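Tertiary structure, described
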Amino acid sequence: MFAFLRKNQVPLSACFCLLLSIYILMAAARGQLKNEPLGALLMWIMRPLQIASQGAVNWIIDFRENYDTLVGFKIENERLRKRIQNLEVERQKYLEADATNRQLKQLLDFRSHLPAGAITASIIANSATSWFKSCQIDKGSVDGVRKGMAVVTPLGVVGQVVAVTPRTAKVLLLTDQNSGIDVLVQRTRSRGIVSGSLESGTVLKYVKRSEDIQQGDRLITSGMDGVFPKGMMVGTVIKVLKQHIGLFQFIEVLPAVQTPLTENVLVVSADSGAAKD
Amino acid sequence: MRLFLLFFLVGIFVLLLQTTLLHLLPGGPIAPDLTLVLCVYLGLYHPTVGAALGSFLLGYSIDIVSSRVIGVNAFAMSLVFLSVYFSSRAIWLQNPMVSSLVVLLAALVKGAALVLVSAIFVSVEGFWIGAAWYIIKEALLAAVLAPMVFALLRRGENFVERFRSVAP
């Protein structure tokens, strides 16, 4: 008997455990299992460990949540960054449209003061060399642009059309040494020719030494050359030099229109009379 | 005695892991059943009365910390131990690769025992619906982890053995 028990002690003890667990199950199912000293002991052992472990778990969960939040922030940040970029592009477009709109409106207002038949054009290219001061506009003979027409902006004179193709035209700027615009000094009504020069920029030529020309005097077109309507701003006197010898004064002029900064121009013909203003 | 202490501590640790940290793993509601792996290990490598009682206590501990009715897991674990004990006597199951298979089968036995006992004693309507898939997933997870847990347990045992041989 003992030998059998000794030989099969392991399966017998396992079977005993099985039976014990069934007994416990039945007692628990009937609600008879009120006191559990083993359970209480186990819980007593487990409690501090579980608290510590749960603390670690909570820390990990917090860490993971914080990480997720950070990742969320990163994604949100990226999204907002892209949105800002898009808005910036859109804003730029609106600003550009607004600027163009204002410019065109100004041009339109100005056009109403010019003789009928003024053609709106855009400058599409500047001079390829510094020896010649010219630019190209996007309107040509098809649009009614003819050689010799004046090119102006609301700020003043730009130049004169010197060559025309069906779709483009070349404009000789008033700052070119080959240009010559008949002007009046607004204050004194003295006459002269504004032209470009290689060494001194834009100058007012052929003004007698006796004429009273001062720095800051405004120069306007006289309308006598048959190209530019009368009364258009050409530039401002920035330097007056009366040399000891010679008939004329040396007068340096700041053009009213800075062509590199200009986008839209009006091509007009002085045939129909002077500018209304 | 030292081995008893080792398995006692491992049991507590495994129980602690299973009730806390392992729920953080991305396995949904299924956490790896390390207590089952420990029970199989005891059945395979320490088929003693103490191991049988240890398996029972493992199940009982699970019941205390998580079961609705005390005794369900105690029964399942005791059954697992007994199954492994008899299997290991009939077939050679010491190979580490086979340990996965043993744990897989043991998990299936445990799952089936839980469903059966719960159906009888807990009488929850339709408890077994969906249990099959749950049992299979849990068994697979335990089987995957088994070689690693076995290796760790063996290392622990070796450490204890070495400590015993060095100690005066």
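Because the structure is predicted, anything quoted here is derived from the model rather than measured.

1. Digging into empty space enclosed by the protein
Residue and element names in this part refer to chain A.
- All told, the structure shown has one cavity of 30 Å³ or more when counted by the stated rule.
- A volume near 30 Å³ is recorded for the largest cavity.
- Every residue along the wall of the largest cavity is listed here: Gly159, Gln160, Leu172, Leu174, Ser179, Gly180, Ile181 and Phe228.
- Its residues assigned to classes, the lining of the largest cavity shows four nonpolar, four polar and no charged.

2. Considerations on the packing of aromatic side chains
All names here are of chain B.
- Under the criterion given, the structure shown has nine aromatic pairs over all chains.
- Taking 6.1 Å as the distance between ring centres and 50 degrees as the angle between the ring planes, the aromatic pair formed by Phe7 and Tyr41 counts as tilted. Here Tyr41 lies in helix 2 (residues 34-45) and Phe7 lies in helix 1 (residues 2-19), a separation of 34 residues in the sequence. You'll find Phe7 and Tyr41 in the same group, each marked buried.
- Relative to Tyr45, the ring of Tyr41 has its centre 4.8 Å away and its plane inclined at 45 degrees; by these criteria the two rings are tilted. Here the residue Tyr41 and the residue Tyr45 both occupy positions in helix 2, the gap between them amounting to four residues, near one helical turn.
- Under the relative-accessibility criterion, Tyr41 is labelled buried at 1%.
- Through a chain of ring-to-ring contacts, the aromatic side chains of Phe7, Tyr41, Tyr45 and Phe150 assemble into a single cluster.
- Here the guanidinium or amino end of Arg154 rests over the ring plane of Tyr45, the centre of that ring lying 4.7 Å away.

The rules behind these values
Residues numbered from 1 in each chain as written. Chains lettered and ligands numbered in written order. Predicted model: local features only at pLDDT ≥ 70, side-chain atom pairs only at ≥ 80, totals over all residues. Heavy atoms only, no water. 1 Å grid on protein atoms, 1.4 Å probe; cavity = no way out; pocket = protein on both sides within 12 Å on 5 of 7 lines; lining within 4 Å. Points joined across faces, edges and corners; volume = space filled by probe spheres on them. Nonpolar A, V, L, I, M, F, W, Y, C, P; charged D, E, K, R; others polar. Phe/Tyr/Trp six-rings, centres within 6.5 Å; stacked < 30°, edge-to-face > 60°. Helix = DSSP H or I, 4+ residues; strand = E, 2+ residues; numbered from the N terminus. Buried < 20%, exposed > 50% of the residue type's maximum accessible area, 1.4 Å probe, protein only. Lys NZ or Arg CZ within 6 Å of the ring centre and 35° of its normal.

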